[in-house]
Amino acid sequence: MATKVHMEALSPTMEEGQIVRWLKSEGDAVTSGDILAEIETDKATMELVARGDGTLRAILLGEGGTAAVGEVIGVIAAEDEDISEFTAAGPGGGTGAAADVTGGGGPEAGAPPAEASAPSQAEAAAPEVQASAGEAGGRIKASPLARRLADEAGLDLGRVAGSGPGGRIVKRDVEAARDAAPAAATPAASRPATPAPEPWADAGAAESHEEVRVSQMRKTIARRLTESLAPVPHFFLTVDVDMSRVVAARKRVNALVEATGDKVSFNDFVLKATAAALARHPDCNAAWHGDHIKRFHHVHMGVAVAIEDGLITPVVKHADRKGLVQISREVKEMAGRAREKRLQPDEYTGATFSVSNLGMLGIHEFTAIINPPEAGVLAIGGVEDTPVVVDGEVVVRPRMRVTMSCDHRVIDGAQGSRFLQTLKAMLEEPAAILV
């Protein structure tokens, strides 16, 4: 019995996935548990495993294609089993025109439609072939990969005979038709004349642009930020912190752990102090849930990490119970795997509060957007030598700006201010973190 390969929900918030690459090809033997493909979710690249035994008879969604969770993207069946009902439907298992799409665009998404009145050179030169892959309604049965190859070669699929199940056009059919089509050079007389540029035209001022396909992560970031900034009533509190003692403490800690190869950063001190302050102010370590507020007895710190496609927040679980070196190790290790899109869902979900630090990029001060249902996030600026007045004299001290974004449904101004007072005191006297 045929087994449908579905686009599975590989992360808790995943609504659709994109095929990064198929690790099995049509015709390959498959055993339940084998890895079929790599799928880009909203947060990471995950592995899709087979749920049945047999042969991968059909790939319904090519590499680069996108499909909603639950849609059928492939078929596993016995060699002699009839799977025409699946291959005729295309991604999603629908019928009719749905067979002509690749689950959200695929590699050719966003490309302008070809002019119907201007067939390509290869089409004009290709021999007439019975369109055995077509059906009464004019619909052409072809694999997504075959469609992409035909599009790249400028071939009309209606002129290509299909050798796949039920007359479906597959890769080898397109390659054969492409190789058979003679290269047709356009006569010079038929080429449209290129008008000479105006003498005053600036050849270097031509306008151009490129279209960059939106990744699953960027789509999710856009949706989540819209969900956050619009309905969540943000307000912001900023404090200026004297980091003199953290600077000194960091040097001492790094000297102690140098032999192990560890090295703690200012951000590690911020994470540890924030976690300790949240443990003392549970009203800020909370989440909005409509008819109730959930105050957490544990502190799970989300740490914003910039990656190629956007932003992800690995979570340091029970950060208030961990030491500086342990926090540093976990952040470095998870940040590395985050950039490789190898985090597991439980490693980037469940945060009770988050920290975003742009100080290393030269940012003095900024505000961050809350990640619902969390009630707050800290935006950390750089540690900068700043002239300040101390005991009536102007001195230079390392200072850092910290801005807290608060969900006013959960945190009032006084609550947020008391939390920041505790955080400031801990950073200005690191020993207070241990008290």
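Cut-offs used in this document
Every chain is numbered independently, its residues counted from 1 as its sequence is written. Totals for whole chains, interfaces and linings use every residue, but because this is a predicted model, local features are given only for residues with pLDDT of at least 70 and side-chain atom pairs only at 80 or more, for both listing and counting. Think of the side-chain values as coming from all heavy atoms in the structure, minus any hydrogens and water. Only DSSP runs of H or I with at least four residues qualify as helices, and only runs of E with at least two residues qualify as strands; both kinds are numbered from the N terminus onward. Buried means the residue's accessible area, taken with a 1.4 Å probe over protein chains only, is under 20% of the maximum for its type, while exposed means over 50%, and partly exposed covers the values in between. Whether two residues are in contact is decided by their heavy atoms: any pair within 4.5 Å suffices. Here the open area of atoms and residues is found with the Shrake-Rupley method and a 1.4 Å probe, where only the protein chains shown may cover a residue. Strands pair, by our definition, only if DSSP identifies at least two bridges between them. Every axis corresponds to a line fitted to the C-alpha atoms, with the helix fit spanning only the stretch in contact, and the corresponding angles, defined between N-to-C directions, vary from 0 to 180 degrees. Roughly parallel covers angles under 35 degrees, roughly antiparallel covers those over 145, roughly perpendicular covers 65 to 115, and oblique covers all other angles. What makes a crossing left-handed is the near helix being turned counterclockwise from the far one by less than a right angle; a clockwise turn instead makes it right-handed. The residue classification treats Ala, Val, Leu, Ile, Met, Phe, Trp, Tyr, Cys and Pro as nonpolar and Asp, Glu, Lys and Arg as charged. All others, Gly included, are polar. Predictor confidence is given residue by residue as pLDDT, running from a minimum of 0 to a maximum of 100. One side-chain nitrogen of Lys or Arg within 4 Å of one carboxyl oxygen of Asp or Glu is enough to make a salt bridge. Residue count minus one, scaled by 1.5 Å, sets the expected span of a helix. Note that the arc is defined by the directions from the helix axis to the C-beta atoms. For this analysis, a nonpolar core means a set of buried residues of the types Ala, Val, Leu, Ile, Met, Phe, Trp, Tyr and Cys, connected via side-chain atoms within 4.5 Å.

S.K.: Please clarify how the overall build of the protein should be interpreted in this entry.
M.R.: Secondary structure assignment for the protein yields nine helices and 19 strands. For the protein, the residues scored as buried account for 44% of the 435 residues in total. Partitioning the intrachain contacts of the protein with sequence separation of at least 6 by distance along the chain shows that 64% fall at a separation of at least 24. Summed over its atoms, the accessible surface of the protein is roughly 22300 Å², and 54% of this surface lies on carbon and sulfur atoms.

S.K.: Whenever I open this one, the sheet that holds strand β4 (residues 35–40) confuses me. Can you help?
M.R.: Backbone-to-backbone hydrogen bonds pair the strands of a sheet. The strands run either parallel or antiparallel. Spatially, β5-β4-β2-β7 is the arrangement adopted by the four strands of the open sheet, whose pairing is antiparallel. Looking at strand neighbours, the two that pair on one side only are β5 (45–49) and β7 (66–68), the edges of this open sheet. Recorded for the sheet is a direction-independent mean angle of 40 degrees between the axes of neighbouring strands.

S.K.: Is there a simple way to explain the sheet that holds strand β3 (residues 29–30) in this structure?
M.R.: On the basis of which strands lie adjacent, the open sheet formed by four strands has the order β1-β8-β6-β3 and antiparallel pairing. This sheet does not close on itself; its edge strands, each paired only once, are β1 (3–6) and β3. Bridge count between β1 and strand β8 (residues 72–77): four bridges; the pairing is antiparallel. Looking at β8, one finds that threonine 3 is bridged to isoleucine 76.

S.K.: Explain the pairing of strand β17 (residues 376–380) here, please?
M.R.: Remark: a regular strand shows side chains that alternate across the two faces of the sheet. For β17, a buried count of five out of five residues is recorded, marking the element as mostly surrounded by other parts of the structure. By the alternation rule, side chains of β17 split into Gly376, Leu378 and Ile380 and Val377 and Ala379, which are all buried. Across four bridges, strand β16 (residues 353–357) lies against β17 in parallel orientation. Looking at the pairing, asparagine 357 lines up with isoleucine 380 of β17. Relative to strand β19 (residues 393–407), β17 runs antiparallel, the two sharing five bridges.

S.K.: Honestly, the packing of helix α7 (residues 266–280) against helix α9 (residues 413–428) in this entry has me stumped. Any pointers?
M.R.: Helix-helix packing: each pair is described by the crossing angle between the helix axes and the interaxial distance. Across the interface, α7 lies against α9 with an axial gap of 9 Å and an inter-helix angle of 135 degrees. When the interaxial angle is binned, α7 and α9 end up oblique. For the pair α7 and α9, the sense of crossing is right-handed. The residues of α9 that touch α7, namely those facing Phe269, Val270, Ala273, Thr274, Ala276, Ala277, Leu278 and Arg280, are Phe419, Thr422, Leu423, Met426 and Leu427. Of the residues assigned to the contact of α7 with α9, the class counts are ten nonpolar, two polar and one charged.

S.K.: Help me out: how do you make sense of the confidence of the model for the protein in this one?
M.R.: In low-pLDDT regions, the fine details of the predicted coordinates are not to be read closely. For the protein, mean pLDDT is 81; residues scoring 70 or higher make up 80% of the total. Here residues 94–137 is modelled with pLDDT under 50, and outside its nearest four sequence neighbours on either side it reaches 69 contacts, counting other chains as well. When the criterion is pLDDT under 50, residues 183–191 qualifies, and its contacts beyond four places in sequence or with other chains add up to four contacts.

S.K.: So what exactly am I meant to see when it comes to the pattern of salt bridges here?
M.R.: Proximity of charged atoms lets side chains of opposite charge pair with each other. What the rule picks out here adds up to 18 salt bridges. The residue glutamate 8 makes a salt bridge to arginine 51 at a minimum N-O spacing of 2.8 Å. Within this pair, whereas glutamate 8 is found in the loop between β1 and β2 (16–22), its partner arginine 51 is found in the loop between β5 and β6 (54–59), the two being separated by 43 residues in sequence. Residues participating in the shared-partner salt-bridge network are Asp240, Asp242, Glu365, Arg397, Arg399 and Arg401.

S.K.: Just to check I follow, could you spell out the pairing of strand β18 (residues 384–390) for this structure?
M.R.: Where β18 lies against β19, seven bridges are found, and the strand directions are antiparallel. Paired with valine 390 across the two strands is glutamate 393, which belongs to β19. Taking the residues between adjacent antiparallel strands as the criterion, β18 and β19 are bridged by two residues, where aspartate 391 takes a positive phi near 55 degrees.

S.K.: Looking at this structure, how should I read helix α6 (residues 244–257)?
M.R.: In an α-helix, one full turn covers 3.6 residues, which means residues spaced three or four apart are oriented alike. Its 14 residues give α6 an end-to-end C-alpha distance of 21 Å, which sits within 8% of 20 Å, the value for a rise of 1.5 Å per residue. Taken together, the buried positions of α6 are occupied by Val246, Ala249, Val253, Asn254 and Val257. Seen from one end, α6 has its buried residues packed into an arc of 130 degrees, which puts them on one side. Opposite the packed face of α6, turned more than 90 degrees from it, sit the exposed residues Lys251, Arg252 and Ala255. Residues of α6 that are buried make contact with α7, α8 (324–339) and α9.

S.K.: Looking at this structure, how should I read the nonpolar core?
M.R.: Inside soluble globular proteins, nonpolar side chains tend to come together where they are buried. Residues Ile73, Met301, Leu378, Val402, Met404, Phe419 and Leu420 are the most contacted members of the largest nonpolar core, which totals 73 residues. Among the elements that make up this core, the one with the highest residue count is α7 (eight residues). Setting aside residues up to four positions removed in sequence, valine 402 forms contacts with Leu237, Thr238, Val239, Val241, Leu378, Ala379, Ile380, Leu420 and Leu423. The next biggest cluster of nonpolar side chains, apart from the first, holds ten residues, and it includes Leu155, Leu157, Val160 and Val174.

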